[in-house]
Amino acid sequence: MLNMLASFAEFELDLRHERQREGIDKAKAEGRYKGRKPSVPVDQVKALHAEGIGPAEIARRLNVGRASVYRAIAS
């Protein structure tokens, strides 16, 4: 009995995720879904990197995480 209830719950969860994905895709197509605003000034990161400043120092100067600096440099 418990396995059957778990199966129904998982099925409902999958349906909900599917509906949510459809809604997000529709909103993106209509230009209403932009996502999260960037928290790292990518242009500043790239400019500092071009000056030869290392990722750790860039992170300290801009008060962001070092991993964020690496992602900005890679983009």
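What counts and how
- Residues numbered from 1 in each chain as written.
- Predicted model: local features only at pLDDT ≥ 70, side-chain atom pairs only at ≥ 80, totals over all residues.
- Heavy atoms only, no water.
- Salt bridge = Lys/Arg side-chain N within 4 Å of Asp/Glu carboxyl O.
- Helix = DSSP H or I, 4+ residues; strand = E, 2+ residues; numbered from the N terminus.
- Buried < 20%, exposed > 50% of the residue type's maximum accessible area, 1.4 Å probe, protein only.
- Axes fitted to C-alpha atoms, helices over the stretch in contact; angles between N-to-C directions.
- Parallel < 35°, antiparallel > 145°, perpendicular 65-115°, else oblique.
- Left-handed = near helix turned anticlockwise from the far one by under 90°.
- Contact = heavy atoms within 4.5 Å.
- Nonpolar A, V, L, I, M, F, W, Y, C, P; charged D, E, K, R; others polar.

A.B. asks: Looking at this model, I keep getting lost on the pattern of salt bridges. Mind explaining?
C.D. replies: If charged atoms from side chains of opposite charge come close, those side chains can pair. One pass over the structure, following the stated rule, counts four salt bridges. Of the charged contacts, one joins R60 and E57 as a salt bridge, the two residues approaching to 3.4 Å between their closest N and O atoms. One end of the pair, R60, and the other, E57, are both in helix α3 (residues 55-62), three residues apart, so they sit about a helical turn from each other. Judged by its relative accessible area of 60%, R60 falls in the exposed class. Residue classification places E57 among the partly exposed residues on the basis of a relative accessible area of 28%. Look at the salt bridges and you will find they share partners, linking E57, R60 and R61 into a network.

A.B. asks: Looking at this model, I keep getting lost on the packing of helix α2 (residues 42-50) against α3. Mind explaining?
C.D. replies: When two helices pack together, you describe them by how their axes are tilted relative to each other and by the distance separating the axes. Between α2 and α3, the least distance of the axes is 10 Å, while the angle of their chain directions is 135°. Taken together, the axis directions place α2 and α3 in an arrangement best described as oblique. In the packing of α2 onto α3, the handedness of the crossing is right-handed. Contact residues: α2 offers Q44, V45, L48 and H49, while α3 offers I58, R61 and L62. Classifying every residue of the contact of α2 with α3 gives four nonpolar, two polar and one charged.

A.B. asks: Explain unusual backbone geometry to me, please; I cannot follow it from the model alone.
C.D. replies: Note on backbone geometry: most residues besides glycine have negative phi, and most peptide bonds are trans. Notably, N63 is not glycine yet its phi reads approximately 60°, a positive angle. For N63, the position within the fold is in the loop between α3 and α4 (66-74). We classify N63 as exposed; its relative accessible area is 70%.

So yeah, pure geometry; function would need other evidence.
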